[in-house]
Amino acid sequence: MPMLYGLYVEAELCNVSSFRFSDSSDWIFQVQKRSRNGTVEPIELQQGVGRLEWGDIHGADRLACDRSEREATMRIARPRKAGSKGKGKLGKLGKLCGETPLAEYAGQGTFPRLVAVFECEGCEPLEWTTGGIACVQDENGQEVARAQLDSMMWQDPRDGEACIRITSHEFRRL
């Protein structure tokens, strides 16, 4: 059964009112196997979906264990439409961050804000190592850039006055 995890971020914004990650962002995370041995592996989400096979299970053991022991998937969570098949926690996704699982980070503050919700099967996210593309809005609400947050920082290459710096982040099970 998939579990939902929220990525909560604190950031410093300079001459920027808000940012929101793009649906087409590529992400890299460290994830831990959801089992007793706790294997840790990197997983890369391209276009919102990532899959990995755990390398610690071989031969006959591989055939004997269930799929969640052999592989892990992590994807940007998508709200389920009314009347769709499947149960679970995805119905509350709209309450968490509106119509999209990629919420807007706006304003200044010293508390973590939810910026993305991920659906995980067979793994638990531990660390966010690189972020994707974010749409950046200036103080007038106009989109000014598509920032690549690979080093958890971005500075406007045109004049250097607008910037985003991710100061901390954490995952919370939802």
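What you are looking at is a predicted structure, and each value in this text was computed from that prediction instead of being measured. (Residues numbered from 1 in each chain as written. Predicted model: local features only at pLDDT ≥ 70, side-chain atom pairs only at ≥ 80, totals over all residues. Heavy atoms only, no water.)

At Asn15, a residue that is not glycine, the phi angle is positive and equals roughly 55°. Looking at where Asn15 falls in the secondary structure, it is placed in the loop between strand S1 (3-14) and strand S2 (18-21). Located in the positive-phi region is Met152, a residue other than glycine, with phi close to 65°. Its location among the elements puts Met152 in the loop between strand S11 (143-148) and strand S12 (153-155). (Helix = DSSP H or I, 4+ residues; strand = E, 2+ residues; numbered from the N terminus.)

We now examine the packing of aromatic side chains. In this structure the tally under the stated criterion is nine aromatic pairs. Here Phe21 and Trp27 contribute two aromatic rings whose centre-to-centre distance is 4.7 Å and whose plane-to-plane angle is 50°, an arrangement assigned as tilted. In terms of burial, Phe21 and Trp27 fall into one category: buried. Between the aromatic rings of Trp27 and Trp128, the centroid separation amounts to 5.9 Å while the plane-to-plane angle is 45°, which identifies the pairing as tilted. Here the residue Trp27 occupies a position in strand S3 (residues 27-33), and Trp128 occupies one in strand S9 (residues 123-130), the gap between them amounting to 101 residues. Pair check on accessibility: Trp27 and Trp128 agree, each one buried. Ring pairing ties together the aromatic residues Phe19, Phe21, Trp27, Phe29, Tyr105, Phe118, Trp128 and Phe171, which thus form one cluster. The positively charged end of Arg113 is found above the aromatic ring belonging to Tyr105, 4.7 Å away from the centroid. Across from the ring centre of Tyr8, 4.1 Å away, lies the NZ or CZ of Arg172, which sits over that ring. (Phe/Tyr/Trp six-rings, centres within 6.5 Å; stacked < 30°, edge-to-face > 60°. Buried < 20%, exposed > 50% of the residue type's maximum accessible area, 1.4 Å probe, protein only. Lys NZ or Arg CZ within 6 Å of the ring centre and 35° of its normal.)

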